[in-house]
Amino acid sequence: MKLMLIGGGGREHAIIRSLKKNPDVELIYALPGNGGMAQEAECVAIAATDLPAIRAFAATHDIDYAVVAPDDPLVAGCVDMLNELGIPCFGPKKNAAIIEGSKAFAKKLMHKYGIPTAEYAIFTDMDEALSYLDTAPIPTVVKADGLALGKGVIIAQTRDEAKQAVVDMMQNAKFGKSGSTVVIEEFLEGPEVSVLAFTDGKCIKPMVSSMDHKRVGDNDTGLNTGGMGAVAPNPYYTPEIAEQCMREIFLPTIEAMNAEGRPFTGCLYFGLMLTDKGPKVIEYNCRFGDPETQVVLPLLESDLLTIMQSTTDGTLADTEVRFNDGCACCVVTASKGYPEAYQKGLPMAFTPEAKAHTFVAGAKIVNGVLLTNGGRVTGTTAVAPTLREAIDEAYRLADGVQFENAYRRSDIGARALKAII
Ligand code: AMP
Ligand code: GLY
């Protein structure tokens, strides 16, 4: 089979490694992929957001199955476009991807169908948003409605900070059109859990739970990033909570999307907060999360391609989705300075052992040399029977990823360990 994968980060590298375990997979085209995965996939220099170029490529390359991994092409209708060409795809159509593409849509959906989430108000008028903030409980959370590269969420500790966020989004267009509508919501507290789930629109099969580490510094300090590491499973997510989430959140969400005439297929990501009033949805993503995918897929024992195809064919109920009962830890190596200014183009080296366990997020090949090409450069994942062992092994392996000014958090998994001890 010839596959086409849209995207080019660490998540995509993890997806490629899992897909290649299936002997029927002859070739994977990655659009654009990155230099660090060039030995495993044929990278094609087409951006994940360039829908016309993706269409032209797909129409001429006998693609048997496509996987659309990032949010932007999903929200822009990449799956609909490829389906028109007769290519079956993993991922939701445009009318379902809106569950991530518009936070206002997601909030209204949850409200209408009684799915637990933070209290909220939606504004398209800046003055109304500002006067609402005169009396809203503080801290409060201000969110740009649309996609904003994961940066459109401001946790405001004061009224002034919240108002500034509203002005930045609605008047100064800090996130472009994404901020012309804002959602202001109740600040929730509790452990966060990521649950990625396969769904064919009828049945939903959650993957092993995970925990992201969004802040750049140790002890969850400093700026928010795309994720500095992850562990799976998430020890806060007990079997009882999993059962409650299935009943109160996962199934109701699938049913709500069907009732709205927007059946969701692919991977639905639930960002959950375990509050003292029960689990609540912080966000939905219409895709695999990153770096969560880099810990979840290495634990998957069933065949990823078969599962993906079953979400497209509507046969997920009859398809095995089985996970290793061990633990995984992924440690991200970033370029010093990230998520602010950082250097690119630094030569990279791996020990053979590190290479086998590392997913590359940001690299390019120039004259045969692998160079860094992003803030987050790699994610190194270890799987072990216990979380403690997985963490130690991931750090030992990550030491074999080398480039100048490489930076890693030193405490990935520490918060999860505290929950166990
Ligand atoms: P999001 O982009 O929606 O995932 O938000 C980014 C991060 O902001 C989340 O992972 C949470 O840590 C935090 N966050 C978002 N919404 C809330 C909320 N209502 N209460 C507390 N923290 C939140
Ligand atoms: N790790 C969060 C995300 O993928 O959006």
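Residues numbered from 1 in each chain as written. Chains lettered and ligands numbered in written order. Predicted model: local features only at pLDDT ≥ 70, side-chain atom pairs only at ≥ 80, totals over all residues. Heavy atoms only, no water.

A. Spotlight on the sheet that holds strand β4 (residues 65-68). The sheet built from five strands is open, its strands ordered β3-β2-β1-β4-β5 with parallel pairing. Two strands in the sheet have a free side with no partner beyond their single neighbour: β3 (42-43) and β5 (89-90). Of the pairings in the sheet, the one linking β4 to β5 comprises two bridges and is parallel in character. If you follow alanine 66 over to β5, its bridge partner there is cysteine 89. Its contacts with the sheet place helix α1 (residues 10-19) against β1 (2-7), β2 (27-32) and β4, and it is angled at close to 165 degrees to β1. (Pairing = 2+ DSSP bridges. Helix = DSSP H or I, 4+ residues; strand = E, 2+ residues; numbered from the N terminus. Contact = heavy atoms within 4.5 Å. Axes fitted to C-alpha atoms, helices over the stretch in contact; angles between N-to-C directions.)

B. How the structure looks around the pairing of strand β10 (residues 192-199). Burial of β10 is extensive: seven of the eight residues sit out of reach of the surface. In the sheet, β10 pairs with strand β16 (residues 266-275) via eight bridges, with the strands oriented antiparallel. In the strand pairing of β16, alanine 197 is matched with leucine 268. Across three bridges, β10 lies against strand β11 (residues 204-206) in antiparallel orientation. Its bridge partner being in β11, phenylalanine 198 is matched across the sheet by lysine 205. Hairpin remark: β10 followed by β11, antiparallel, with four residues in the connecting loop; positive phi at glycine 201, about 95 degrees. (Buried < 20%, exposed > 50% of the residue type's maximum accessible area, 1.4 Å probe, protein only.)

C. Representation of the environment of methionine 246. Its location among the elements puts methionine 246 in helix α9 (residues 239-259). On the accessibility criterion, methionine 246 (22% relative accessible area) is partly exposed. Sequence separation between methionine 246 and threonine 135 is 111 residues, and the spatial gap between their C-alpha atoms is 35 Å. Excluding residues within four positions of it along the chain, methionine 246 makes contact with Ile204, Pro206, Leu251 and Pro252.

None of the figures reported here should be taken as evidence of function without further support.
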